[in-house]
Amino acid sequence: MNPSCGATFDAIIEAAALGAAMASRDFLASLLELNADEHFADETMRRIFKTMRELDSEGIQPDLVAVRSRLVSTERLDMAGGDPALTRCVVADSASQSDPMRALELLKAYATKR
């Protein structure tokens, strides 16, 4: 990790899990089973997770476009870190595609250590 980017290992794990959930309904179901905002130490990732959960409860697939649209329409995009935070999710997911369930395992493990 590049220390100048300011992202912690927790934030990268959280972004990878959210990015994978945006790309896969099956993975989203696994992530929503946690159903615990406290699993997200990064406030921007927590806000994105809440938005994804909200969309899913309405029967809307919380992909990148739907999440961004909801954040914009509810004027929460800036509070959720804006486009840079959403981009981190997509990039982190791309980097973890070899094993997205590992991101979920790490998210659970790091949440219990806090």
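Description of the nonpolar core
The biggest cluster of nonpolar side chains holds 30 residues, and the ones touching the most others in it are L18, L31, M45, I48, M52 and V67. Elements with a minimum of two residues in this core: α1 (9-23), α2 (25-34), α3 (43-57), α4 (64-73), α5 (82-95) and α6 (100-113). When residues in this core are grouped by element, the largest group, eight residues, is from α1. In contact with L31, not counting residues within four places along its chain, are A17, L18, A21, F40, F49, L104 and L107.

Description of unusual backbone geometry
Here the phi dihedral of E75 falls at roughly 55°; this positive angle occurs in a residue that is not glycine. Structurally, the position occupied by E75 is in the loop between α4 and α5. Residue classification places E75 among the exposed residues on the basis of a relative accessible area of 73%.

Observations concerning the packing of α2 against α3
Taken N-terminus to C-terminus, the directions of α2 and α3 make an angle of 110°; their axes are 11 Å apart at the nearest point. By the angle between their axes, α2 is roughly perpendicular relative to α3. The hand of the α2/α3 crossing is left-handed. Of the residues in α3, those touching α2 at R25, L28, L31 and L32 are F49, M52, R53 and D56. Residues of the contact of α2 with α3, tallied by class, amount to five nonpolar, no polar and three charged.

Let's talk about the confidence of the model for the chain
Residues of the chain with pLDDT of at least 70 account for 78%, and the chain-wide mean is 82. α4 holds the highest mean pLDDT among the elements of the chain, 97, whereas α6 holds the lowest, 66.

Looking at the packing of α3 against α4
It is at 10 Å that the axes of α3 and α4 come closest, and there the two elements cross at 105°. Judged on the interaxial angle alone, α4 and α3 are roughly perpendicular. Two secondary-structure elements touch here, α3 through I48, T51, M52, E54 and L55 and α4 through A66, V67, R70 and L71. Broken down by class, the residue content of the contact of α3 with α4 amounts to six nonpolar, one polar and two charged.

Some details on the side chain of T44
Mapping T44 onto the fold places it in helix α3. Discounting chain neighbours no more than four positions away, the residues touching T44 are M79, A80, G81, A85 and R88.

Describing α4
Of the positions making up α4, those classed as buried are A66, V67, R70 and L71. When α4 is viewed along its axis, its buried side chains cluster within an angular range of 130° and face the same direction. Residues V65 and S73 are exposed on α4 and point more than 90 degrees away from its buried face. Phi for E75, located one or two positions after α4, is positive at around 55°.

Conventions adopted
- Residues numbered from 1 in each chain as written.
- Predicted model: local features only at pLDDT ≥ 70, side-chain atom pairs only at ≥ 80, totals over all residues.
- Heavy atoms only, no water.
- Core = buried A, V, L, I, M, F, W, Y, C linked by side-chain atoms within 4.5 Å.
- Buried < 20%, exposed > 50% of the residue type's maximum accessible area, 1.4 Å probe, protein only.
- Helix = DSSP H or I, 4+ residues; strand = E, 2+ residues; numbered from the N terminus.
- Contact = heavy atoms within 4.5 Å.
- Axes fitted to C-alpha atoms, helices over the stretch in contact; angles between N-to-C directions.
- Parallel < 35°, antiparallel > 145°, perpendicular 65-115°, else oblique.
- Left-handed = near helix turned anticlockwise from the far one by under 90°.
- Nonpolar A, V, L, I, M, F, W, Y, C, P; charged D, E, K, R; others polar.
- pLDDT = per-residue confidence, 0-100.
- Arc of directions from axis to C-beta.

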